[in-house]
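# Descriptive analysis of the structure
These are the residues of each chain, in order.
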Amino acid sequence: MAQGEKGSRPGDGSSAPSKLAEALKDVVRELSPEDREDILDPDFQFALRELLQAYKPLLEADLARVDTPDELTKEVLEAGPSCEDEFTAADQLLGRFLTEEVAVRLLPANARELLGPVERWRWCLLHIRCCIIFGWLLCRRPHTFRTSNYYLYRFWRCVRQAIGTPVGDALTAAERADFARLVQAMASAYKPYLSDQLASAEFPSGIPDEIITGKLDCLEDDDTAGSIFERLLAPDVAPALLGEEMFAKHQQEPWFWFCRCWCLCAIRFGCCLARIRNLRDFVRCLLFYRRCLRQCFRPLSCELTEPTGCVPEEVNVELKALVVAVRGTAAGGMFHHYVLEWSQDGISWHASDFHYPPIPPGGGVQGTLAVNNGLLAFFDTSARDPGFYFIRMTVVSVEGATQVCTTQFSLFKQEVRIISVDGAALDTVWADPNARFIESVPGICEDPPGTWRRFPSTDEMSFGECLHIYGGAFVGGCDGKRIKRYMIDYKPGFELDCFTAGWNNIWKVEFNTVWQYRDSNMRKDTSNLTAVWNTDCIVPVFFPPYCLHSEPQARLDPSCWASHTGLCELSGLVTLRLMVEDTDGNLYCDTQRLWIDNKPICAELRIDAVPKCQDLFVSQFANPPECSSAWNLPLSGIAYDAYINDALPLTRPNDNFDYYQIHVTKQGRPTITIPISMGPTSPCFKGTKRIGKCDPCNALDPHAGDVYGTLAQFDLRAVDLFCKGSLPYAVPDAFTIPRKECCVYTFDLWVYDRTVRSSGVNWAHASWPVKICNDLKPT
């Protein structure tokens, strides 16, 4: 049959009024004028008859089983589900329908004109069957991402078989790489769908109203699969699907772009067929397929619908950025890609700062997927100033033709965020409600390799005393809005809602005068939020009095919040709230969890064998006085850091004890650090466990509950020049004392926790001086 010829066959009803058309009157009533014209077209009716005839054996076989449930049960028991049976059934079912004649008669006239004789594009026609089967299999029932890739694998093999480059049982390195590229493309195509579903599951509060008002119904996700398919078969994926050689062979053909569009329509058609519930759905699927093919030849369309007017930037957690959504249409029959640019003057344009779908990961230099009245990209405004912006989009066809459109808007900045306390960094984007201030905790005493007294870790931090809070407290950019005041509050526990009761104000900064509204006082980026108003010199000069005009309350200077309000207060897990109010009374807020530790560390040291400042004789401990035996002097004391909150899990940062050390200093001479414990091959000079106990928050008697324990053993061989070499650590000669001589030594205990304070490392100290007499006999 010649291309484009509308043939007939005995019994197809072409020569008489179509009985099929009569039967479709009910369907016609609910269709658009274009679909009504389609449904009465002889080519459409021919294809519909072929489709129904292809399904007829399947429908009849299922209908026959209705009266023979025993046979149906037997079939199920004898034959379990089989992937091969599923593919065979799909190939037989859809293979019967998609003949060359059906395929050609369903093509719009401009497609037939573009393609020309079928002999030159037969490979494209043959792979369309694979596209329909892929869509049918993927949409027959819900699939995980993993099983979707199995069907992708069969689709890939089907396409390679259809175009004459079949894949063998043992894949070559190039074939493995191609399939891996397809799986990566499937992952990128799936991520936006999964992210959207996860967001709906995490924040379902709006769903009830959407259902009740009728905004959300059973048709909500009708084209979800289609969007995934379009992202999957992006133009840059074609070499992996077809193979480099076939791609290079066909990509220059003028109709090559149409094969991709045709395949996408075929996949969606197969997906539609997989979901049919009645015979009317056959008609709807076929109408959709033909409509889709016509849309392949739409002219390039370029339209920017958002942003316009005054647009506030929003937080995008996935991109870890402040963004403005750019929406509109970039599509058309020969669509290839689109590029977005921004400008503040309409003259100098910049193509940077756009995140193209899929989101995540975003980024990219252009959009490669057609978009119809949807998200084109996110404009990253994190580093952009408030004010007026132009956005320009250029849509490019496969032939290089372009369409350009523009929009303009005013950027309303909302830098309301807590991003740091005393220089500490968050483990994720500040907008994440579960963000934590974290630190890297080093390991202590690795002996043997891979075994630690305390393993290295990354943990949440705690803070104490006077806290410097950093971030942004700024609003402005359009509609005359600007900041009126900002406040910092705290609330015990972990709180996500800014507007619950129970907040305690700790800081307030008001903006009233023209001097206060100067840009230097605006709290942006990483500004110190714990700032106070001070006098500022407005007109400085280089001669006395060095300032000709000063204004009170005109300059914000850094300060800090004194969190230590009592003996052990404030301590615990709290939530900080930053609240900004603009001149119209609108409120903007951010919250951040924070551990505060203002409980003092306990450090107590004593030598039970001798009181402070008394004589200690080496001979009492050198028993026997041989260098091969340890001459241990027990050191007692307390090295204790109270848990921040005993009612919460005793893990970091609630348990933020770090370590303790003991130093021994000879009067006027060197200091050595003594071992706390011995490892298999070397000593450990840090104690990683609490020793003893105390109650530092007991206002009546902080020492009432003191419990002492053994901190370490000091080997007195360290003070003897002849025996110090037997120790497992180095001791300088100057630390020793000659036999029959005495010297004063001071024992110092230092206990540390990991609480961050603006004054530096948090520690406690105790000492015990004694006079050591080396009364051993000279050698």
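Source: prediction; values computed, not measured. (Residues numbered from 1 in each chain as written. Predicted model: local features only at pLDDT ≥ 70, side-chain atom pairs only at ≥ 80, totals over all residues. Heavy atoms only, no water.)

What the protein contains, in helices and strands, is 17 helices and 35 strands. Since a compact globule built from 779 residues should have a radius of gyration of about 28 Å, the 39 Å found for the protein marks it as more spread out than a globular shape. When its C-alpha atoms are laid out on the principal axes, the protein stretches across 130 × 80 × 50 Å. Relative to its 779 residues, the protein shows a buried fraction of 48%. The long-range share in the protein, meaning contacts at least 24 apart out of those at least 6 apart in sequence, stands at 71%. With 77 positive and 100 negative side-chain charges, the protein shows a separation of 2 Å between the mean positions of the two kinds. (Helix = DSSP H or I, 4+ residues; strand = E, 2+ residues; numbered from the N terminus. Rg over C-alpha atoms; globule rule 2.2 N^0.38 Å. Buried < 20%, exposed > 50% of the residue type's maximum accessible area, 1.4 Å probe, protein only. Contact = heavy atoms within 4.5 Å. Lys, Arg positive; Asp, Glu negative; His and termini not counted. Charge placed at Lys NZ, Arg CZ, Asp CG, Glu CD.)

Let us now look at the packing of helix H6 (residues 83–97) against helix H9 (residues 122–139). Between H6 and H9, the least distance of the axes is 10 Å, while the angle of their chain directions is 125°. On the basis of their axis angle, the class for H6 and H9 is oblique. In this structure, H6 meets H9 at a crossing whose hand is right-handed. Contact residues: H6 offers Glu86, Phe87, Ala90, Asp91, Leu93, Leu94 and Gly95, while H9 offers Arg129, Ile132, Ile133, Trp136 and Leu137. A class-by-class count of the residues in the contact of H6 with H9 yields eight nonpolar, one polar and three charged. (Axes fitted to C-alpha atoms, helices over the stretch in contact; angles between N-to-C directions. Parallel < 35°, antiparallel > 145°, perpendicular 65-115°, else oblique. Left-handed = near helix turned anticlockwise from the far one by under 90°. Nonpolar A, V, L, I, M, F, W, Y, C, P; charged D, E, K, R; others polar.)

In this structure, Phe155, Phe258, Trp262 and Tyr289 are the most contacted members of the largest nonpolar core, which totals 90 residues. Residue contacts for Phe155: discarding those within four places in its chain leaves Cys130, Cys131, Phe134, Leu233, Leu241 and Cys263. Core analysis: the next-biggest nonpolar cluster, separate from the first, contains 44 residues, Phe657, Ile672, Phe747 and Ala764 among them. (Core = buried A, V, L, I, M, F, W, Y, C linked by side-chain atoms within 4.5 Å.)

Once that is clear, we can look at the state of the cysteines. One pass over the full model with this rule turns up 17 disulfides. Linked covalently through their sulfurs, Cys139 and Cys271 form a disulfide whose S-S length is 2.0 Å. Judged by the sign of its S-S torsion, about -90°, the cystine formed by Cys139 and Cys271 is left-handed. Of this pair, Cys139 sits in helix H9 while Cys271 sits in helix H16 (residues 256–274), and the two are 132 residues apart along the sequence. In this structure Cys139 comes out as buried when scored by relative accessible area, which is 9%. Overall, the relative accessible area of 4% leaves Cys271 in the buried class. A disulfide bridge connects Cys568 with Cys697, and the sulfur atoms are separated by 2.0 Å. (Disulfide = S-S within 2.5 Å.)

Attention shifts here to helix H13 (residues 224–232). For H13, the tally of buried residues reaches seven of nine residues, placing the bulk of the element in the interior. Among the residues of H13, Ala225, Gly226, Ile228, Phe229, Glu230, Arg231 and Leu232 are the ones counted as buried. Its buried side turned inward, H13 meets H9, helix H10 (145–162), helix H11 (173–202) and H16.

For the rest of this paragraph, the subject is unusual backbone geometry. Excluding glycine, a negative phi dihedral is what most residues carry, and trans is how most peptide bonds are arranged. Between Glu569 and the following residue, Leu570, the backbone shows a cis peptide bond with an omega angle of 5°. Its location among the elements puts Leu570 in the loop between strand S23 (561–562) and strand S24 (572–582). With omega at 0°, the peptide bond leading from Arg652 into Pro653 counts as cis. Locating Pro653 in the fold gives a position in the loop between strand S28 (632–641) and strand S29 (657–666). For Lys740, which is not glycine, the phi torsion reads 75° and is therefore positive. Structurally, Lys740 can be placed in the loop between strand S33 (709–715) and strand S34 (741–757).

The next thing to look at is the sheet that holds S33. Strand order in the open sheet formed by three strands is S26-S28-S33, and the pairing between neighbours is antiparallel. Each edge of the sheet is formed by a strand with only one pairing partner; in this case those strands are strand S26 (601–606) and S33. Going across the sheet, the axis of each strand differs from the next one's by a mean of 25°, ignoring polarity. In terms of strand pairing, S28 meets S33 through six bridges, oriented antiparallel. Residue Leu633 lies in a different strand from S33, and its bridge partner there is Phe714. (Pairing = 2+ DSSP bridges.)

All right, on to the environment of Ala47 then. For Ala47, the location among the structural elements is in helix H4 (residues 42–65). Along the primary structure Ala47 and Leu106 are separated by 59 residues, whereas in three dimensions their C-alpha atoms are 7.2 Å apart. Apart from residues no more than four positions distant in its own chain, Ala47 is found in contact with Phe97, Val102, Leu106 and Leu286.

With that out of the way, let us pick up the packing of H13 against H16. Running from amino to carboxyl end, H13 crosses H16 at an angle of 150°, the nearest separation of the two axes being 10 Å. As the angle between them shows, H13 and H16 are arranged roughly antiparallel. H16 is crossed by H13, and the crossing has right-handed handedness. Touching Ala225, Gly226, Ser227, Phe229 and Glu230 of H13 are Arg260, Leu264, Ile267, Arg268 and Cys271, all from H16. Classifying every residue of the contact of H13 with H16 by side-chain character gives five nonpolar, two polar and three charged.

The next point concerns the side chain of Arg690. Its place among the elements puts Arg690 in the loop between strand S32 (683–684) and S33. Polar contacts involving the side chain of Arg690 include one to the main-chain carbonyl oxygen of Asp641, which spans 2.8 Å. Within the structure, the side chain of Arg690 is placed 2.8 Å from the side chain of Asp655, a separation counted as a polar contact. (Polar contact = N/O pair within 3.5 Å; in protein donor to acceptor, adjacent residues only side chain to side chain.)

Looking now at the confidence of the model for the protein. In this model, the protein carries a mean pLDDT of 88, and residues with pLDDT of at least 70 account for 95%. Taken as a whole, residues 1–20 scores under 50 in pLDDT and shows 25 contacts with residues more than four places along the chain or in a different chain. (pLDDT = per-residue confidence, 0-100.)

Attention now moves to the packing of aromatic side chains. Going through the model one piece at a time under the given rule, you end up with 40 aromatic pairs. Arranged with centres 5.2 Å apart and planes meeting at 40°, the rings of Phe258 and Phe297 form a pair that is tilted. Placement of the pair is Phe258 in helix H16 and Phe297 in the loop between helix H17 (279–295) and strand S1 (301–306), with a sequence separation of 39 residues. Classification of Phe258 as buried rests on a relative accessible area of 0%. Three or more aromatic residues joined by ring pairs make a cluster, and in this case those are Trp121, Trp257, Phe258, Trp262 and Phe297. (Phe/Tyr/Trp six-rings, centres within 6.5 Å; stacked < 30°, edge-to-face > 60°.)

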